[in-house]
Amino acid sequence: MFSAFSSIEYHSTGTRTPADAAVRRLDGIGHVLADLDMSAIHTQDEMTRALWTLETADKCIRAILAEFRTEPATDQLVRTSRNLIDQIELARDEVTSHRG
């Protein structure tokens, strides 16, 4: 498991607003990323898949944020997005420096 994602706080709040739904989607992305296993990366193909997963997650997060370009986003949405994007950057560095 990527240790960078193990400290992500997951919220079980109900979906009341579009921003709440977006935070739940971000939490789901965080769950997927938390399941990535660095110890399972032994080949170039596995490294490529991990990097592809991180890139896809990054694009999904940015797409969720784009939905709120013209609407006020909640602090939680911005905080969760920023945390995930920062953790993705750290994980990318971890993957590319990993020597299988």
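Residues numbered from 1 in each chain as written. Predicted model: local features only at pLDDT ≥ 70, side-chain atom pairs only at ≥ 80, totals over all residues. Heavy atoms only, no water.

Peer 1: Any chance you could explain the overall build of the chain here in plain terms?
Peer 2: Within the chain, the regular secondary structure consists of three helices and zero strands. Going from N to C terminus, the chain has its helices and strands arranged as α-α-α. In the chain, of all internal contacts separated by at least 6 residues, the share reaching a separation of at least 24 is 74%. For the chain, the computed accessible surface area is about 6100 Å², with 53% contributed by carbon and sulfur atoms. (Helix = DSSP H or I, 4+ residues; strand = E, 2+ residues; numbered from the N terminus. Contact = heavy atoms within 4.5 Å. Areas by Shrake-Rupley, 256 points an atom, 1.4 Å probe, with all protein chains shown as cover.)

Peer 1: What should I look at first to understand the pattern of salt bridges in this one?
Peer 2: Where charged atoms from two side chains of opposite charge come close, those side chains can pair. Tallied over the full model, the rule gives six salt bridges. We note a salt bridge from arginine 92 to aspartate 58, for which the minimum N-O separation is 3.9 Å. With arginine 92 in helix H3 (residues 75–97) and aspartate 58 in helix H2 (residues 44–66), the pair connects residues that are 34 residues apart, well separated along the chain. Here arginine 92 matches aspartate 58 in class, with each residue buried. Measuring nitrogen to oxygen at the nearest pair gives 3.2 Å for the salt bridge that ties aspartate 86 to arginine 82. You can see aspartate 86 and its partner arginine 82 sitting in helix H3, four residues apart, about one turn around the helix. (Salt bridge = Lys/Arg side-chain N within 4 Å of Asp/Glu carboxyl O. Buried < 20%, exposed > 50% of the residue type's maximum accessible area, 1.4 Å probe, protein only.)

Peer 1: Can you help me understand the side chain of serine 81 in this one?
Peer 2: Here serine 81 shows up in helix H3. For serine 81, a relative accessible area of 1% corresponds to the buried category. Ignoring sequence-local partners within four residues, the contact set of serine 81 consists of Leu26, Ile61 and Leu65.

Peer 1: Before we go on, may I ask you to explain H2 in this structure?
Peer 2: Given a rise of 1.5 Å per residue, 23 residues ought to cover 33 Å, and the 33 Å separating the end C-alpha atoms of H2 matches this to within 8%. Of all the residues in H2, the buried ones are Met47, Ala50, Leu54, Ala57, Asp58, Ile61 and Ile64. Against helix H1 (18–34) and H3 lie the buried residues of H2. (Expected span 1.5 Å × (residues − 1).)

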